[in-house]
Amino acid sequence: MTTPLAVVLAAVGGALIATQGALLGPFSDRVRNVMVVALWVHVAGAVFAGAVVLFGRYELGITELRSAPWLLLAGVAGVGIVASIGAVVGYLGLGTTLAVLTGVQLLIALLLDASGILERTVELSLQRVLGAGLIVVGVLLVFGRGEG
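Residues numbered from 1 in each chain as written. Predicted model: local features only at pLDDT ≥ 70, side-chain atom pairs only at ≥ 80, totals over all residues. Heavy atoms only, no water.

Draft legend 1. Molecular detail of the overall build of the chain. From N to C terminus, the chain includes six helices and zero strands. Taken from the N to the C terminus, the helices and strands of the chain come in the order α-α-α-α-α-α. When its C-alpha atoms are laid out on the principal axes, the chain stretches across 50 × 45 × 30 Å. Taking as baseline every contact in the chain between residues at least 6 positions apart, the subset at least 24 positions apart corresponds to 61%. If you sum the accessible surface of the chain, you get close to 10,700 Å²; carbon and sulfur atoms cover 72% of it. Of the side-chain charges in the chain, 7 are positive and 7 negative, and the distance between the mean point of each set is 9 Å. (Helix = DSSP H or I, 4+ residues; strand = E, 2+ residues; numbered from the N terminus. Contact = heavy atoms within 4.5 Å. Areas by Shrake-Rupley, 256 points an atom, 1.4 Å probe, with all protein chains shown as cover. Lys, Arg positive; Asp, Glu negative; His and termini not counted. Charge placed at Lys NZ, Arg CZ, Asp CG, Glu CD.)

Written as structure tokens, this is what we have:
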């Protein structure tokens, strides 16, 4: 993969997170149970991914999954992400919700990168720490808009 393609795909992911967050608010308001919302969101995602895998004739990776079944915790994390966004987006607003989510996400990502736990270590440089600090300041500015 090239760096420009990786950046485009990351930007698409960001756009999808914002779109999903915008949809989760009204969905959660209507259903009134974030775990039910998370279930339906993941059912829809599983059907979509299943169709892509089926029609794309991709291998399921069962052997790889058997060697590291703990990686399925990513799905559990996905339920938590959907449920937490669905629970708070109606209260905080989409911008504030995503600002807090992004700030915390970045801080945890930097720690995971530096720890090497993800089978690849990325050094925690001064530039990365300053960049994260600026994002945290941005989160505080977005969050501090006067709600109580």
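Draft legend 2. Geometry of the pattern of salt bridges. Here the structure, examined in full by the defined rule, presents one salt bridge. The closest approach of N and O atoms between Asp113 and Arg128, which form a salt bridge, is 3.1 Å. Of the two residues, Asp113 sits in helix α5 (residues 94–115) while Arg128 sits in helix α6 (residues 126–143), which places them 15 residues apart along the sequence. When its relative accessible area of 18% is taken as the criterion, Asp113 is described as buried. (Salt bridge = Lys/Arg side-chain N within 4 Å of Asp/Glu carboxyl O. Buried < 20%, exposed > 50% of the residue type's maximum accessible area, 1.4 Å probe, protein only.)

Draft legend 3. Structural detail: the confidence of the model for the chain. The predicted model of the chain has a mean per-residue pLDDT of 90, with 97% of residues at 70 or higher. Looking at the elements of the chain, mean pLDDT is at its lowest for α6, recorded as 86, and at its highest for helix α2 (residues 34–56), recorded as 96. (pLDDT = per-residue confidence, 0-100.)

Draft legend 4. The side chain of Ser28, seen in detail. When you line up the elements, Ser28 lands in helix α1 (residues 3–31). Judged by its relative accessible area of 7%, Ser28 falls in the buried class. Contacts of Ser28, omitting those with residues within four sequence positions, involve Asn33, Val34, Val37 and Gly86.

Draft legend 5. Region of the structure containing unusual backbone geometry. One non-glycine residue with positive phi stands out, namely Arg32, at about 65 degrees. Mapped onto the secondary structure, Arg32 falls in the loop between α1 and α2. A positive phi angle is found at Arg57, which is not glycine, with a value near 55 degrees. Counting through the fold element by element, Arg57 comes out in the loop between α2 and α3 (62–67). On the basis of relative accessible area, Arg57 is assigned to the exposed category, the value being 75%.

Draft legend 6. Focus on a nonpolar patch on the surface. A cluster of nonpolar side chains, namely Met1, Leu5, Val8, Leu9, Val12 and Leu16, defines an oily patch on the protein surface of about 610 Å² accessible area. For Met1, a relative accessible area of 76% corresponds to the exposed category. (Patch = residues over 30% accessible without salt bridge, like charges linked within 9 Å, V, L, I, M, F, W, Y side chains within 5 Å.)

Draft legend 7. Spatial organisation of the nonpolar core. Leu24, Val37, Ala38, Val41, Val82, Ile85 and Val89 form the largest nonpolar core, which has seven residues in total. Broken down by secondary-structure element, the contributors of at least two residues to this core are α2 and α4 (73–92). In contact with Ile85, not counting residues within four places along its chain, are Gly21, Leu24, Thr97 and Leu101. (Core = buried A, V, L, I, M, F, W, Y, C linked by side-chain atoms within 4.5 Å.)

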